[in-house]
Amino acid sequence: MAAQAALQRSVVSPVGRHTASVIFLHGSGDTGQGARTWIRQILKQDMAFQHIKIIYPTAPSRPYTPMKGALSTVWFDRYKISNDCPEHIESIDSMCQGLTDLINDEIKNGIAKNRILVGGFSMGGGMAMHLAYRFHQDLAGVFALSSFLNRDSAVYQALKRNESVVPELFQCHGTADELVLYSWGEETNKTLKSLGVSASLHTFPNLNHELNRTEIEKLKTWIVEKLPFEAANTKE
């Protein structure tokens, strides 16, 4: 198989010494720059930290079945937008390879794997769950905003076979979401908990398929809890 081209990315550098990284995966049809801009509009500034780099990669353009095969920047294909159908596992696994390269880039830059978080919005959150729970169970944590897994997800199959400690999940979902139903997110959360994942679900009444300021502020607090500031080693 030919090597994949490196993913385009938009990066918010840490203010101080870089000791941790967050990979934020956008929703279907968006871009890394688009996700960064959306969060900046909500917060009135970039989501930025003293010691954490935020990486917003862009999914490659590919035919997307729910859009009748039109090209879209999506992390993987879906047979339909539903939690009650098979996963398009070939495209999911191919993208996990490309995102593994991104994780490895951070490790090569001196960042320990347990100082890297992955997550995202909508499809990006689903992608992050596949990436972490199937291939990178030693990451610091996972976040999924307005996201879900299909009922027969390969993530669930992997966790049934797993005996080691897996990353904590931070999940948020709006009750008024008409694209990814709140019940789909809730079912995902309950199933992951039953399989040994330490998972929280933050519910946002009347929030549709979108982000809001309170949600991002909660996410920022959780990110710092999982990736606390580390003082420089004076022996360096």
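Let me sum up the structure you'll find in this document. (Residues numbered from 1 in each chain as written. Predicted model: local features only at pLDDT ≥ 70, side-chain atom pairs only at ≥ 80, totals over all residues. Heavy atoms only, no water.)

Considering the side chain of S147
Point 1. With respect to the helices and strands, the residue S147 is situated in the loop between β7 (141-145) and α4 (154-161).
Point 2. A polar contact is formed between the side chain of S147 and the backbone oxygen of S122, at a distance of 2.8 Å.
Point 3. At 3.2 Å, the side chain of S147 forms a polar contact with the backbone oxygen of L145.
Point 4. Residues within four places of S147 in sequence aside, it is in contact with G120, F121, S122, G125, G126, M129, Q171, H173, V180 and G185. (Helix = DSSP H or I, 4+ residues; strand = E, 2+ residues; numbered from the N terminus. Polar contact = N/O pair within 3.5 Å; in protein donor to acceptor, adjacent residues only side chain to side chain. Contact = heavy atoms within 4.5 Å.)

Quick notes on the environment of L99
Point 1. Positionally, L99 belongs in helix α2 (residues 89-108).
Point 2. A relative accessible area of 1% means that L99 is categorised as buried.
Point 3. Those residues in contact with L99 that sit more than four places away from it in its chain are L7, L25, P57, W75, M127 and L131. (Buried < 20%, exposed > 50% of the residue type's maximum accessible area, 1.4 Å probe, protein only.)

A word on the sheet that holds strand β8 (residues 168-174)
Point 1. Taken in spatial order, the 7 strands of this open sheet run β1-β3-β2-β6-β7-β8-β9, and their pairing is mixed. In this open sheet, the two edge strands, each paired with only one partner strand, are β1 (9-12) and β9 (199-204). Mean inter-strand twist for the sheet, computed between neighbouring axes without regard to direction, equals 15°.
Point 2. Sheet topology note: the β1/strand β3 (residues 52-57) ladder contains 4 bridges and is antiparallel. (Pairing = 2+ DSSP bridges. Axes fitted to C-alpha atoms, helices over the stretch in contact; angles between N-to-C directions.)

A short note on the side chain of N150
Point 1. Considering the arrangement of structural elements, one finds N150 in the loop between β7 and α4.
Point 2. Only 2.8 Å separates the side chain of N150 from the backbone oxygen of C85, close enough to count as a polar contact.
Point 3. Beyond its immediate sequence surroundings of up to four residues, N150 is in contact with R78, S82, N83, C85, P86, E87 and Y156.

Digging into helix α6 (residues 213-226)
Point 1. Here α6 is 14 residues long and its end C-alpha atoms lie 20 Å apart, about the 20 Å a rise of 1.5 Å per residue gives.
Point 2. Buried within α6 we find E215, I216, L219, K220, W222 and I223. End-on view of α6: buried residues confined to an arc of 165°, all on one side of the axis.
Point 3. Measuring from the side-chain oxygen of the N-cap residue of α6 to the backbone nitrogen of T214 gives 3.3 Å; that N-cap residue is N212. (Expected span 1.5 Å × (residues − 1). Arc of directions from axis to C-beta.)

A look at the packing of helix α1 (residues 32-43) against α6
Point 1. Remark: α1 packs on α6, axes separated minimally by 9 Å, with the N-to-C direction vectors making an angle of 105°. For the element pair α1 / α6, the angle class is roughly perpendicular. Contact residues: α1 offers I39, I42 and L43, while α6 offers R213, I216, E217 and K220.
Point 2. For the contact of α1 with α6, the residue count by class is 4 nonpolar, no polar and 3 charged. (Parallel < 35°, antiparallel > 145°, perpendicular 65-115°, else oblique. Nonpolar A, V, L, I, M, F, W, Y, C, P; charged D, E, K, R; others polar.)

What about the pattern of salt bridges?
Point 1. Tallying each qualifying case throughout the model produces 10 salt bridges.
Point 2. Between D46 and R36 there is a salt bridge, with its nearest N and O atoms 2.9 Å apart. Here the residue D46 occupies a position in the loop between α1 and β3, and R36 occupies one in helix α1, the gap between them amounting to 10 residues.
Point 3. You can call R36 buried: its relative accessible area is 16%. (Salt bridge = Lys/Arg side-chain N within 4 Å of Asp/Glu carboxyl O.)

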